[in-house]
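Here are the chains, one letter per residue:
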Amino acid sequence: MSEVTMIGLGPMGATMAETFLAAGHDVTVWNRTASKADPLVARGAKWADSPVTGELLVVSQISYQAMYDSFGDARLDGKVVVNLSSDTPQALREAAEWVAGRGGTLVTGGIMVPPPGIGKPGAYAFYSGPKPILDRHASTLEALSEVTYVGHDQGLAMMYYQAQLLVFWSSLTSYMHAMALLRTAGVAPSEFVPFARETFTGLGSDGPMGFAKILAEEFEAGVYPGELNSLHMQAEGLGHAVAALEDAGLETTVPQALRRLFQRADAEGRGHEGLGTVIKSIMKP
Ligand SMILES: NC(=O)c1ccc[n+]([C@@H]2O[C@H](COP(=O)([O-])OP(=O)(O)OC[C@H]3O[C@@H](n4cnc5c(N)ncnc54)[C@H](OP(=O)(O)O)[C@@H]3O)[C@@H](O)[C@H]2O)c1
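Residues numbered from 1 in each chain as written. Predicted model: local features only at pLDDT ≥ 70, side-chain atom pairs only at ≥ 80, totals over all residues.

1. Thoughts on the overall build of the protein
A tally of regular secondary structure across the protein gives 11 helices and eight strands. Taken along the three principal axes of its C-alpha coordinates, the protein extends 60 × 45 × 35 Å. Sequence separation of 24 or more characterises 56% of the internal contacts of the protein that already satisfy a separation of 6 or more. (Helix = DSSP H or I, 4+ residues; strand = E, 2+ residues; numbered from the N terminus. Contact = placed C-beta atoms within 7 Å.)

2. Description of the pairing of strand β6 (residues 105-111)
Looking down a regular strand, the side chains alternate between one sheet face and the other. The element β6 is largely enclosed, with a buried count of six among its seven residues. Pairing analysis gives four bridges linking strand β5 (residues 80-83) to β6, with the strands arranged parallel. When the bridges of β6 are listed, Asn83 appears paired with Thr108. Each parallel crossover has a hand, and for β5 linked through helix α4 (residues 89-101) to β6 it is right-handed. With four bridges connecting them, β6 and strand β7 (residues 124-128) associate as antiparallel partners. In the strand pairing of β7, Thr108 is matched with Ser128. (Buried ≥ 20, exposed ≤ 12 C-beta atoms within 10 Å, placed from the backbone. Pairing = 2+ DSSP bridges. Right-handed = clockwise from strand over helix to strand, strands pointing away.)

3. Regarding the site of the ligand
Taken together, 21 residues surround the ligand, and among them Gly10, Met12, Arg32, Thr33 and Pro114 come closest. Listed by contribution, the elements that provide at least two residues to the shell around the ligand are α1 (11-22) and α3 (64-71). Considered class by class, the residues forming the shell around the ligand number eight nonpolar, 10 polar and three charged. (Near = placed C-beta within 6 Å. Nonpolar A, V, L, I, M, F, W, Y, C, P; charged D, E, K, R; others polar.)

4. Quick look at the domain arrangement of the protein
Each assigned domain of the protein is listed with its residue range as follows: domain 1 (3-155) and domain 2 (160-283). Between the C-alpha centres of domain 1 and domain 2 the distance comes to 36 Å. (Domains from an automatic or database assignment.)

5. A few points about the sheet that holds β6
Strand order in this open sheet of eight strands is β3-β2-β1-β4-β5-β6-β7-β8, and the pairing throughout is mixed. Two strands close off the open sheet at either side, each with one partner strand: β3 (46-47) and β8 (146-151). Summarising the sheet, strand β4 (residues 56-59) and β5 pair through four bridges and their orientation is parallel. The residue bridging Leu56 from the neighbouring strand is Val80, located in β5. Sheet strands in contact with α1 are β1 (3-7), β2 (26-30) and β4, and its direction is about 165 degrees off that of β1. (Axes fitted to C-alpha atoms, helices over the stretch in contact; angles between N-to-C directions.)

6. A few points about the nonpolar core
Formed by 46 residues in total, the largest nonpolar core has its most connected members in Met6, Met16, Ala17, Val29, Val58, Val59 and Val82. Those residues in contact with Met6 that lie beyond four places of it in its chain are Gly13, Met16, Ala17, Phe20, Val27, Val29 and Val58. Core analysis: the next-biggest nonpolar cluster, separate from the first, contains six residues, Leu231, Phe262, Ala265 and Val278 among them. (Core = buried A, V, L, I, M, F, W, Y, C linked by C-beta atoms within 7 Å.)

7. Some thoughts on helix α9 (residues 231-247)
Compared with the 24 Å implied by 1.5 Å per residue over 17 residues, the 24 Å span of α9 between its first and last C-alpha is a close match. Buried residues in α9 make contact with α6 (156-183), α10 (253-270) and α11 (278-283). Looking at the residues trailing α9, positive phi occurs at Gly249, about 75 degrees. (Expected span 1.5 Å × (residues − 1).)

8. As for the packing of α9 against α10
In contact at an axis separation of 9 Å, α9 and α10 are set at 155 degrees when each is read in the N-to-C sense. By the angle class used here, α9 and α10 are roughly antiparallel. For the element pair α9 and α10, the recorded crossing hand is left-handed. Contacts from Leu231, His232, Gln234, Ala235, Leu238, Gly239, Ala241, Val242 and Leu245 of α9 reach α10 at Pro255, Gln256, Leu258, Arg259, Phe262, Gln263, Ala265, Asp266 and Arg270. (Parallel < 35°, antiparallel > 145°, perpendicular 65-115°, else oblique. Left-handed = near helix turned anticlockwise from the far one by under 90°.)

9. Section: the pairing of β4
Residue alternation in β4 divides its side chains into two sets, Leu56 and Val58 and Leu57 and Val59, and both sets are buried. The pairing of β1 with β4 spans three bridges and is parallel. Directly across from Met6, in β4, lies its bridge partner Val58. Once you follow β4 into α3 and on to β5, the crossover reads as right-handed.

10. Structural notes on the environment of Pro130
You can see Pro130 is positioned in the loop between β7 and α5 (131-141). Here Pro130 falls in the partly exposed class, since 15 other C-beta atoms lie within 10 Å of it. Sequence separation between Pro130 and Asp73 is 57 residues; the distance between their C-alpha atoms is 24 Å. Each residue touching Pro130, except ones within four places of it in the same chain, is listed here: Thr105 and His152.

11. Description of the environment of Ile133
Checked against the element boundaries, Ile133 lands in helix α5. Separated by 88 residues in sequence, Ile133 and Ala221 place their C-alpha atoms 36 Å apart.

12. Examining α6
Taking 1.5 Å per residue as the helical rise, α6 with its 28 residues ought to reach 40 Å, and the 40 Å between its terminal C-alpha atoms agrees with that figure. Those residues of α6 that sit buried are Leu156, Ala157, Met158, Tyr160, Tyr161 and His177. Its buried side turned inward, α6 meets α4, β6, β7, β8, α9 and α10.

Printed below as a string of structure tokens:
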């Protein structure tokens, strides 16, 4: 089994350290607040006085600034830093240069599960950066999740991660609006779950509701057929849904923003096209 140093012991990093330990790796830990390492040291991890200890440094912190704050002026000669923290793709590219300037190599990542999912079937993480370096450590990183390599550009892992989170946050926020609306008429949230499941599943399917695939194909082709369900019709329908939320006395910031986007695409003269035409407005703010 290999040696790995876990830097950052928030809910994610602590679970990663536990998972590496459970997989039989030799785990060293470092965290700004040292006391968070105590339970891990009790389970067999070693505490490091410096985060720059060992060859493979896996980082899980709030942002890339935290890595700069943690490493300070330390040299990173021969070290591989695998950073699974959130930031902008551009911040990750700059961090790759920063690490290289200190003699190390940065592999960037975005892990797609919360702490309870780490190391469990179905967990995966996007990785980008130099593939041979990732390949060298893939068997260790596989303890956390499936390793999904998305390209050499160090910003890509975060772009994929954020692409997934945009879908996650916006759809779940709309789901909360949906539950809240029904609740005002006395419908229990659990009564709505089977219908919401139908929608979530359908969107990813190959059937007539399979809009994940349909919109991707339309975007690639640059053609947005709207004969059967025009954007104009949907902008009107969305207006009705916003009014329904207002009538029910609920908050409407997100649905209003959606409506503004739909209305802009309509006002730009594409109301006769399908919903997919909204991407044109997104591409050209
Ligand atoms: N939680 C999730 O469900 C989840 C899922 C996927 C990805 N992520 C990503 O995983 C990363 C870690 O998330 P998290 O939930 O574990 O908690 P978090 O609150 O994002 O990060 C906590 C960690 O960051 C450290 N930190 C913050 N500022 C620092 C600084 N200036 N210098 C050094 N260390 C600093 C904290 O150290 P102290 O202990 O000293 O405060 C702690 O170790 C984030 O980037 C998050 O976006 C989270």
